[in-house]
Amino acid sequence: MKKAYVFPGQGAQFSGMGKDLYENNAEAKALFDKANEILGFNITEIMFGGTADELKQTKVTQPAVFLHSVILAKVMGIEPAAVAGHSLGEFSALVAAGALSFEDGLRLVSKRAMAMQKCCESQPGGMAAILGLDDAKVEQVCEEIDGVVVAANYNCPGQLVISGADEAVDAACVKLKEAGAKRALRLPVGGAFHSPLMEAARAELEQAISEVEFKEPVCPIYQNVDAKPQTDPEIIKTNLIAQLTAPVRWTQIAKNMIADGVDEFTELGPGTVLQGLIKKADANAVVESKATM
């Protein structure tokens, strides 16, 4: 079996995430406690008992999902043949594969969250899920709209998320329904992630990434920007910097991993979203989740 580990992004969080790990594993407890020190606030208190609204705080959401995923991977002692992560999950994948240290990964994720929040406040926008249309048709309609709206998340065949300025996203939704989309559903997110409107955040994160040491990972990481297996630290850094304004090519990642011989996927972190997306890319894919601890 060629086993890959995949890591979820923002939106998978839930109250109580990681609590069993903290209470039943000394290594996990030490890492959670270290995270509280690095972040300068008690994120574990919010993760283990916070409300949904508290977990949605920008400074909490991304580090919380990252911590749950990475600490679960460390406790399991995984030996992946390949890794990938959806958006934020790419940082979890890089730590799990040894390309980034736990501490540097957490600091970058925290920096990313804050930079994205600032960008959302200065460049308001949104996202919408388009269901039931070919990717090429969605791309074509977005190009015809006045204003900024782009394909942002290629999640699985027949599901593509668009992102951009609010008026442009609304206009695209109308045209996409007219073009035959089964649904065009606005998402409850605070900004135009993976679009040109994230440029200021990308520039801020580029500075932070340039100051961090990246090592060669123990296995290839299939990155969001190009969906290709990468092991060169410089290419990995370049792709990671580009990620905030470029689309997440998850459909292509799943298909490329399967084409390269991956025959089992384990999702590490909160939620089970990626399992479903992988099964839609290939109904024969073997998937499992380690999301309940």
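This text gives an overview of the structure that appears in the document. (Residues numbered from 1 in each chain as written. Predicted model: local features only at pLDDT ≥ 70, side-chain atom pairs only at ≥ 80, totals over all residues. Heavy atoms only, no water.)

1. Description of helix α10 (residues 199-210)
A turn of α-helix holds 3.6 residues, and therefore any two residues three or four places apart point the same way.
Turning to step 1, where the next piece is worked out: For α10, which comprises twelve residues, the first-to-last C-alpha distance of 16 Å matches the rise-based estimate of 16 Å (1.5 Å per residue) to within 8%.
Turning to step 2, where the next piece is worked out: Those residues of α10 not exposed but buried are Ala-201, Arg-202, Leu-205, Ala-208 and Ile-209. Axial view of α10: buried residues confined to an arc of 125°, hence all on one face.
Turning to step 3, where the next piece is worked out: Where α10 is buried, its residues touch α6 (89-96), α7 (102-122) and α11 (233-242). (Helix = DSSP H or I, 4+ residues; strand = E, 2+ residues; numbered from the N terminus. Expected span 1.5 Å × (residues − 1). Buried < 20%, exposed > 50% of the residue type's maximum accessible area, 1.4 Å probe, protein only. Arc of directions from axis to C-beta. Contact = heavy atoms within 4.5 Å.)

2. Some details on the layout of surface pockets
Once rolled over the atoms, a probe with the size of a water molecule shows which space is left empty.
Turning to step 1, where the next piece is worked out: Of the pockets and cavities examined, the largest pocket occupies roughly 1,000 Å³.
Turning to step 2, where the next piece is worked out: Lining the largest pocket are 36 residues; nearest its centre among them are Gln-10, Gly-11, Leu-187, Val-189 and Phe-193.
Turning to step 3, where the next piece is worked out: Of all the elements in the fold, those that place two or more residues in the lining of the largest pocket are α5 (58-76), α7, β3 (126-131), β4 (149-156), β5 (159-164) and α13 (273-281).
Turning to step 4, where the next piece is worked out: Here the lining of the largest pocket gets five residues from one element, more than from any other, and that element is α7.
Turning to step 5, where the next piece is worked out: In the lining of the largest pocket, the residues fall into 18 nonpolar, 16 polar and two charged. (1 Å grid on protein atoms, 1.4 Å probe; cavity = no way out; pocket = protein on both sides within 12 Å on 5 of 7 lines; lining within 4 Å. Points joined across faces, edges and corners; volume = space filled by probe spheres on them. Nonpolar A, V, L, I, M, F, W, Y, C, P; charged D, E, K, R; others polar.)

3. Comments concerning the packing of helix α2 (residues 26-39) against α5
Turning to step 1, where the next piece is worked out: Closest axis-to-axis distance for the α2/α5 pair is 10 Å, and the angle between their directions is 150°. Comparing the axis directions of α2 and α5 gives the class roughly antiparallel. In terms of crossing hand, the pair formed by α2 and α5 is right-handed. Each of Glu-27, Ala-28, Leu-31, Phe-32, Ala-35 and Leu-39 in α2 lies in contact with α5, whose residues at this interface are Pro-63, Leu-67, Ile-71, Lys-74 and Val-75. (Axes fitted to C-alpha atoms, helices over the stretch in contact; angles between N-to-C directions. Parallel < 35°, antiparallel > 145°, perpendicular 65-115°, else oblique. Left-handed = near helix turned anticlockwise from the far one by under 90°.)

4. Details of the packing of aromatic side chains
Turning to step 1, where the next piece is worked out: Enumeration according to the criterion identifies four aromatic pairs in this entry.
Turning to step 2, where the next piece is worked out: Feature note: the residues Tyr-22, Phe-32 and Phe-48 constitute an aromatic cluster, connected by ring pairs.
Turning to step 3, where the next piece is worked out: The ring centre of Phe-41 lies 4.5 Å from the NZ or CZ of Lys-59, which sits over that ring. (Phe/Tyr/Trp six-rings, centres within 6.5 Å; stacked < 30°, edge-to-face > 60°. Lys NZ or Arg CZ within 6 Å of the ring centre and 35° of its normal.)

5. A word on unusual backbone geometry
Turning to step 1, where the next piece is worked out: Phi is positive for Ser-87, close to 60°, though the residue is something other than glycine.
Turning to step 2, where the next piece is worked out: Positionally, Ser-87 belongs in the loop between β2 (82-85) and α6.
Turning to step 3, where the next piece is worked out: Owing to a relative accessible area of 12%, Ser-87 belongs among the buried residues under this scheme.
Turning to step 4, where the next piece is worked out: In this model, His-194 sits at a positive phi of 55°, which is unusual for a non-glycine residue.
Turning to step 5, where the next piece is worked out: Among the structural elements, His-194 can be located in the loop between β6 (183-186) and α10.
Turning to step 6, where the next piece is worked out: Exposure remark for His-194: the relative accessible area of 3% places this residue in the buried category.

6. Focus on the pairing of β3
Turning to step 1, where the next piece is worked out: Most of β3 sits out of view: five of its six residues are buried.
Turning to step 2, where the next piece is worked out: Strand direction decides the pairing type here: β3 and β5, joined by six bridges, are antiparallel. From the neighbouring strand, Met-127 faces β5, where its bridge partner is Ser-163.
Turning to step 3, where the next piece is worked out: Pairing of β3 with β6, which is carried by four bridges, proceeds in the antiparallel orientation. By the bridge assignment, Ile-130 is partnered in β6 with Ala-184. (Pairing = 2+ DSSP bridges.)

7. Re the sheet that holds β6
Turning to step 1, where the next piece is worked out: An order of β4-β5-β3-β6 is seen for the four strands of this open sheet, with the pairing classed as antiparallel. Either end of the sheet is taken by a strand with one partner, and the two such strands are β4 and β6. When strand polarity is set aside, the average angle formed by the axes of neighbouring strands in this sheet is 25°.

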